[in-house]
Amino acid sequence: MYALAYERITALYAITADHQTALSEKLSALLDLGRQTFELDYSCVARIADDTYEAIATSPAPGLLASGDCLPLLRTYCSRTIVSPEPIGFDRATGSDWEKHPCFQKFRLEAYLGARILVEEKPWGTLSFSSRERVDRQHPREDFLFIKLMAQWIGHELEREMHVSNADRLKESQKTLEIQAALARASEISQSIVHAIGEGVVGVDDAVPHRIRFLNPAAQELLGVEEGEVIGQPLTDVIRRFPDAPGQTECLLSRLVHGQTFECMISAPGREMPFPAQFVSSHTLDDSGLVVLTVQDVSSRWEAAEQLRLAEQVFEYSPEAILVTDGDGTILRVNPAFTLITGYPPEDAIGRNPRILRSDRHDEAFYREMWRSLADEDHWHGEIWDRRKNGQVYPKWLCINAVRMAQGNTRYVALFADISERKAHEDRIDYLARHDALTGLANRRLLDDRFAKLAAAARRSDEGVALLLIDLDRFKQVNDSLGHQVGDQLLVEVARRLNVSIRAGDTVARLGGDEFVVLLAGIKTHRDVIPVAEKIQAALTQPVQTPLHLLHTSPSIGVSLYPWDGEDLDSLLQAADIAMYQVKAAGRNAWMFFEAQMNEEVSIRHRLESDLRTALERGEFQLHYQPQFDVGGGEVHAWEALLRWQHPVHGWIEPCDFIPVAEDIGLIIPLGEWVLAAACREAVNWGGQRRGNERLAVNVSARQLEQGDLAEVVARVLRESGLAAERLELELTESALMSNTPKVQQTLRDLKALGVHLTLDDFGTGYSSLAYLSTFTVDRLKIDRSFMRDIENKPNNAAIILAVVALAKALGLEVVAEGVETLQQRAFLAGNGCLKAQGFLYARPMPAGLVAGFMPGAQ
Ligand SMILES: Nc1nc2c(ncn2[C@@H]2O[C@@H]3COP(=O)(O)O[C@H]4[C@@H](O)[C@H](n5cnc6c(=O)[nH]c(N)nc65)O[C@@H]4COP(=O)(O)O[C@H]3[C@H]2O)c(=O)[nH]1
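Residues numbered from 1 in each chain as written. Predicted model: local features only at pLDDT ≥ 70, side-chain atom pairs only at ≥ 80, totals over all residues. Heavy atoms only, no water.

As annotated in an unreviewed UniProt entry, the protein chain is EAL domain-containing protein from Azonexus hydrophilus.

Engineer: I tried to follow the overall build of the protein chain on my own but got confused; where do I start?
Structural biologist: Helix and strand counts for the protein chain come out as 31 helices and 34 strands. Contacts spanning at least 24 positions in sequence make up 58% of the contacts within the protein chain whose residues lie at least 6 apart. With an accessible surface of roughly 42,600 Å², the protein chain has 52% of that area assigned to carbon and sulfur atoms. (Helix = DSSP H or I, 4+ residues; strand = E, 2+ residues; numbered from the N terminus. Contact = heavy atoms within 4.5 Å. Areas by Shrake-Rupley, 256 points an atom, 1.4 Å probe, with all protein chains shown as cover.)

Engineer: Teacher, can you tell me more about the pairing of strand β15 (residues 379-387) here?
Structural biologist: On a regular strand, one side chain projects to one face of the sheet and the next to the other, so that they alternate. With burial as the criterion, only one face of β15 is covered, namely that bearing Trp380, Gly382, Ile384 and Asp386; the residues His379, His381, Glu383, Trp385 and Arg387 on the opposite face remain uncovered. Across nine bridges, β15 lies against strand β16 (residues 393-404) in antiparallel orientation. Note that in β16 the partner of tryptophan 385 across the bridge is proline 395. (Buried < 20%, exposed > 50% of the residue type's maximum accessible area, 1.4 Å probe, protein only. Pairing = 2+ DSSP bridges.)

Engineer: I keep staring at unusual backbone geometry and nothing clicks. Help me out?
Structural biologist: A negative phi angle characterises most non-glycine residues, just as the trans form characterises most peptide bonds. Backbone torsion omega between valine 208 and proline 209 reads 10 degrees, so that peptide bond is classified as cis. By the secondary structure assignment, proline 209 is in the loop between β7 (200-205) and β8 (212-215). Residue phenylalanine 242 is joined to proline 243 through a cis peptide bond whose omega torsion reads -15 degrees. The topology assignment puts proline 243 in the loop between β9 (240-241) and α9 (248-257). Even without glycine at this site, aspartate 378 takes up a positive phi of about 60 degrees. Residue placement: aspartate 378 occurs in the loop between α13 (364-377) and β15.

Engineer: Explain the site of the ligand to me, please; I cannot follow it from the model alone.
Structural biologist: As a matter of local geometry, the ligand sits amid 22 residues, with Asp761, Arg785, Glu818, Glu821 and Phe840 nearest to it. Take asparagine 699: an N or O atom from its side chain is 2.9 Å from an oxygen atom of the ligand. Here arginine 785 contributes a side-chain N or O atom positioned 2.9 Å from an oxygen atom of the ligand. For the ligand, the protein covers 86% of the area, taking 790 Å² as the surface of the free molecule. For the shell around the ligand, the secondary-structure elements that each account for two or more residues are β26 (636-647), α21 (655-664) and β30 (757-763). (Near = heavy atom within 4 Å. Polar contact = N/O pair within 3.5 Å; in protein donor to acceptor, adjacent residues only side chain to side chain.)

Engineer: I tried to follow the sheet that holds strand β23 (residues 555-562) on my own but got confused; where do I start?
Structural biologist: The strands that make up a sheet are held in pairs by hydrogen bonds between backbone atoms, and each pair lies either parallel or antiparallel. Spatially, β19-β20-β18-β23-β24 is the arrangement adopted by the five strands of the open sheet, whose pairing is mixed. Strand pairing shows two members of the sheet lacking a second neighbour, β19 (507-512) and β24 (590-593), which therefore form its edges. Shown here is a sheet whose adjacent strand axes are inclined to one another by a mean of 20 degrees, direction ignored. By the bridge criterion, eight bridges tie strand β18 (residues 464-472) to β23 in an arrangement that is antiparallel. Counted as the bridge partner of valine 465 is tyrosine 562 from β23. Its contacts with the sheet put helix α18 (residues 529-541) on β18, β20 (515-523), β23 and β24, and the angle it makes with β23 is roughly 160 degrees. Contacting β18, β19, β20, β23 and β24, helix α19 (residues 569-585) crosses the sheet at an angle of about 145 degrees to β23. (Axes fitted to C-alpha atoms, helices over the stretch in contact; angles between N-to-C directions.)

Engineer: Just to check I follow, could you spell out the packing of aromatic side chains for this structure?
Structural biologist: How two aromatic rings sit relative to each other is set out by the distance from centre to centre and by the angle between their planes. Enumeration according to the criterion identifies 18 aromatic pairs in this entry. Between the aromatic rings of phenylalanine 366 and tyrosine 367, the centroid separation amounts to 5.3 Å while the plane-to-plane angle is 85 degrees, which identifies the pairing as edge-to-face. With 4.9 Å between their ring centres and 85 degrees between their planes, tyrosine 625 and tryptophan 686 make a pair best called edge-to-face. With tyrosine 625 in strand β25 (residues 621-630) and tryptophan 686 in helix α22 (residues 668-686), this pair connects stretches of sequence that are 61 residues apart. Looking at tyrosine 625, the relative accessible area reads 0%, which means it is buried. An aromatic cluster is present here, built from Tyr625, Phe629, Trp639, Trp686, Tyr842 and Phe854 joined pairwise through their rings. Its end group placed over the ring of phenylalanine 275, arginine 271 keeps NZ or CZ at 3.7 Å from the ring centre. When the ring centre of tyrosine 394 is taken as reference, the NZ or CZ atom of arginine 388 above it lies at 4.0 Å. (Phe/Tyr/Trp six-rings, centres within 6.5 Å; stacked < 30°, edge-to-face > 60°. Lys NZ or Arg CZ within 6 Å of the ring centre and 35° of its normal.)

Engineer: Teacher, can you tell me more about the environment of glutamine 392 here?
Structural biologist: The topology assignment puts glutamine 392 in the loop between β15 and β16. Taking the C-alpha atoms as reference points, glutamine 392 and threonine 342, separated by 50 residues in sequence, lie 9.3 Å from one another. Among residues more than four places away in sequence, those in contact with glutamine 392 are Asp386 and Arg387. A polar atom in the side chain of glutamine 392 sits 2.6 Å from the side chain of arginine 388.

Engineer: Just to check I follow, could you spell out the packing of helix α15 (residues 444-461) against α19 for this structure?
Structural biologist: At their nearest, the axes of α15 and α19 sit 11 Å apart, and the two run at 110 degrees to each other. Judged by the inter-axis angle, α15 sits roughly perpendicular to α19. In this structure, α15 uses Arg444, Leu447, Asp448 and Phe451 to contact α19, whose residues at the interface are Leu569, Asp570, Leu572 and Leu573. (Parallel < 35°, antiparallel > 145°, perpendicular 65-115°, else oblique.)

Engineer: What should I look at first to understand the pattern of salt bridges in this one?
Structural biologist: Between side chains of opposite charge, a pair can form as their charged atoms come close. For the structure on display, the rule yields 47 salt bridges. Notably, a salt bridge pairs arginine 372 with glutamate 369, separated by 3.0 Å at the nearest N-O pair. One end of the pair, arginine 372, and the other, glutamate 369, are both in helix α13, three residues apart, so they sit about a helical turn from each other. We classify arginine 372 as partly exposed; its relative accessible area is 34%. Judged by its relative accessible area of 41%, glutamate 369 is partly exposed. Across the pair lysine 396 and aspartate 386 runs a salt bridge, and its minimum N-O distance is 2.6 Å. With lysine 396 in strand β16 and aspartate 386 in strand β15, this residue pair connects regions lying ten residues apart in the sequence. Of the two residues examined, lysine 396 and aspartate 386, each falls in the buried class. (Salt bridge = Lys/Arg side-chain N within 4 Å of Asp/Glu carboxyl O.)

Engineer: Help me understand the environment of glutamate 734 in this model?
Structural biologist: The topology assignment puts glutamate 734 in helix α26 (residues 734-738). Residue class for glutamate 734 comes out buried when judged on its relative accessible area of 3%. Separated by 32 residues in sequence, glutamate 734 and alanine 702 place their C-alpha atoms 8.7 Å apart.

Engineer: What is the right way to look at the sheet that holds strand β14 (residues 331-334) in this model?
Structural biologist: With antiparallel pairing, the five strands of this open sheet are ordered in space as β14-β13-β17-β16-β15. Strand pairing shows two members of the sheet lacking a second neighbour, β14 and β15, which therefore form its edges. When the angles between neighbouring strand axes are averaged without regard to direction, this sheet yields 25 degrees. Sitting on the sheet, helix α14 (residues 420-434) touches β15, β16 and β17 (410-418), and the angle it makes with β16 is about 125 degrees.

Engineer: Which parts of the structure should I look at to understand the nonpolar core?
Structural biologist: Soluble globular proteins: nonpolar side chains tend toward being buried together. Within the largest apolar cluster, 76 residues are counted, with the highest numbers of intra-cluster contacts made by Leu696, Leu728 and Leu730. The biggest single contributor to this core is α22, with nine residues. Leucine 730 has contacts with Leu676, Val698, Val700, Val714, Leu751, Val756, His757, Leu758 and Thr759, leaving out every residue within four places of it along the chain. By size, the runner-up hydrophobic cluster in this structure holds 31 residues, among which are Val486, Val518, Leu520 and Ile536. (Core = buried A, V, L, I, M, F, W, Y, C linked by side-chain atoms within 4.5 Å.)

Engineer: Explain the confidence of the model for the protein chain to me, please; I cannot follow it from the model alone.
Structural biologist: For the protein chain, the average pLDDT comes to 87, and 91% of its residues sit at 70 or higher. This prediction of the complex comes with two scores: 0.47 for pTM and 0.96 for ipTM. (pLDDT = per-residue confidence, 0-100.)

Engineer: For this particular structure, what's the right way to read the pairing of β14?
Structural biologist: Bridge count for strand β13 (residues 321-326) against β14 is three bridges, and the pairing is antiparallel. From the neighbouring strand, valine 324 faces β14, where its bridge partner is arginine 333. If you look at the hairpin formed by β13 and β14, you'll find four residues sitting between the two strands, and glycine 329 has a positive phi there, around 90 degrees.

Engineer: It is not clear to me how empty space enclosed by the protein should be interpreted in this structure. Could you clarify?
Structural biologist: Using the criterion set out here, one finds four cavities of 30 Å³ or more in the structure. Taken as a whole, the largest cavity holds about 210 Å³ of empty space. The wall of the largest cavity is formed by 21 residues, among which Tyr53, Leu64, Leu65, Ser128 and Ser130 lie closest to the centre. Taken together, the elements giving at least two residues each to the lining of the largest cavity come down to β1 (42-49), β2 (52-59), α4 (102-107) and β6 (122-131). (1 Å grid on protein atoms, 1.4 Å probe; cavity = no way out; pocket = protein on both sides within 12 Å on 5 of 7 lines; lining within 4 Å. Points joined across faces, edges and corners; volume = space filled by probe spheres on them.)

See the structure below:
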């Protein structure tokens, strides 16, 4: 009300210019004007004399005081005002000794604004305005100027009354002149108020083109112009509506000067960006056609409105459910996402308590903690299980904020999202991260967790945990010969069999490849492991039927025990691995407990491996040769190259001690190539008439055959050494042929095409399958020396030899007996059709240097 200076002045002018009305009425109107202007409830004009405060006029009447009421001056705020040349304003916030004042104690006044009235330049009384309501603001400078102006007018009016009563007309007219002067001064003051206020004020002609008459500093700053540049300019040259269509600004301004108020975006010459402005106009103020406009930058209000609109949009379109309750938890608002997630339409939710959403998954302590957090920190967030209207329980991520409102009450704003899908996805990812994709068994990560739990439980109950490390024998051959798909089928079946071999609480895991681990809980003694190990071994030894193949496999199992063989999973796996290695070395398909001394064997093996790796480059290998004779012993027809390793510390090491190691570590490939090249080179050097037609037999490992390039290697060695292909004979073991892959078959065909001879070594010791003999084009069978041993007392051995000889004859193959040590053995062979023989009876393996001069029967 009367916020603008010119409005106040105009209203004051309207009261004071009226000479017909009695002073008492004018005082009353003036007090009302002051109360509205200052927004204070009570007002009073008081005469102060002899320390007495006498109310002359009050508004409202009666209010705190009625006309004629007297108070001791000391008890009023006006005791200060009467002695102050400038008006005085108090409010609760600024009056430090406020509450001690007797007037506060009596009237409980919370705000006060007063100015003294001078009559004939002496303090006569006070004009004051007050309120019992708290006013949390300070009176602006304009209020002080205005109350002073009112007090001055009252002073003049009182003086005039006094003079009129003396019927001194002359003086009256003089006083009238003085009043006019006072009003002129008031106008000056009004101008200075306009100048001082923070709101933009622009005076323009009411006629088009609304030329600017004045504008205050606030308007200049707002519009970015200097007063000097724009006085006399049409207002439309200074501001334009944005975006503007021709004539639009002019149209708006003409509405404005005719009393309309509006807001729009405007561009002003000095401002970079358009901004929202509010225009308010007075009616034409005087005969000169002056219109006063106020202009205000209302960006912050627009922004606030914009924010509010945005917040509404967010509320409406948020994919997250939003729920607002009052301080007692009664639902006030819900958004569409809330309905979508919970199934409750707004009419079913509003007015009820969010307890309707509760599931029974959380106890009271959970909700207590939630409310504690809201009370102490105004915030709670977390995962919670709630129930939809249809009864379905689902997980959601909930975030609640307590919003403390200005009026002192509280609102709770809850946002939540349904995370069922995310949780299912996370569970799936977690499952995949902890399980083997092929078999569904635990993987290494889950095994770690399970072991940690079992070990902790074992510590509490003073028991142990057994770890069984299981490797499938000959799995690689299945994979290589029948393909990965069949290999996978085998692994899945093994996983199934392992699962059914254990109790609930035990764990089966796949570490990768064909390596499985079983953890057994509640182990009191190592004897508890035996039945399970035997059960697993029996289960995995049973053939596996896949759609196209019957697969024969068996497990090699190493067992270690917690806490005796290791305190952590790695140590236990290492111990079980050592035990498993021992099982493999001892012929596979068995299980074995880890024993401390196995560690020693492992370190010996490690030393052997590292020595073996350097032996080739250090030239520690040699070849010895053992001749093969006709059974009568009169004629040598071939020489078998046998590898020898002279270790710098341990001396001669037997091939059976290092060849399997060289195969395991892959060294057999370069080593085998070295043997082949050295043997061919040396055989060529024996030369001469005597040795020129004798064949050279070289052992070839299964690994060399599987490598796939053996035929090329042999061709190159023959080329480089100059040895005729038909003099070379390759001895292959049955196990080398077992994989029977297309690659192996091709290699054998290529070797035959080169013209070299192929011998099946150690015949009868492997899984002899007569199918090999028809599939592979071998030239000879070599009966293993184990059958020769004790032939006189072991009829079975003799029978096998006879069978092999008969088989060879039937297939048109040569047959050679190995390990012939006695004359009886030679006689047995000779008597049963075996024409070739090799053994200590004829000659022991000898260094290459002795071969050239070797004479049958001379040793
Ligand atoms: N008790 C007894 N033994 C006899 C008799 N006559 C020959 N021997 C031994 O029997 C083995 C014959 O070789 P193998 O069966 O191919 O068995 C060989 C062969 O499988 C492997 N080997 C030797 N050299 C090589 C090689 O250069 N490459 C590959 N891959 N394996 C080799 O090592 C095995 C053992 O070789 P060695 O220890 O040299 O043992 C040789 C030889 O010394 C006998 O009358 N009585």
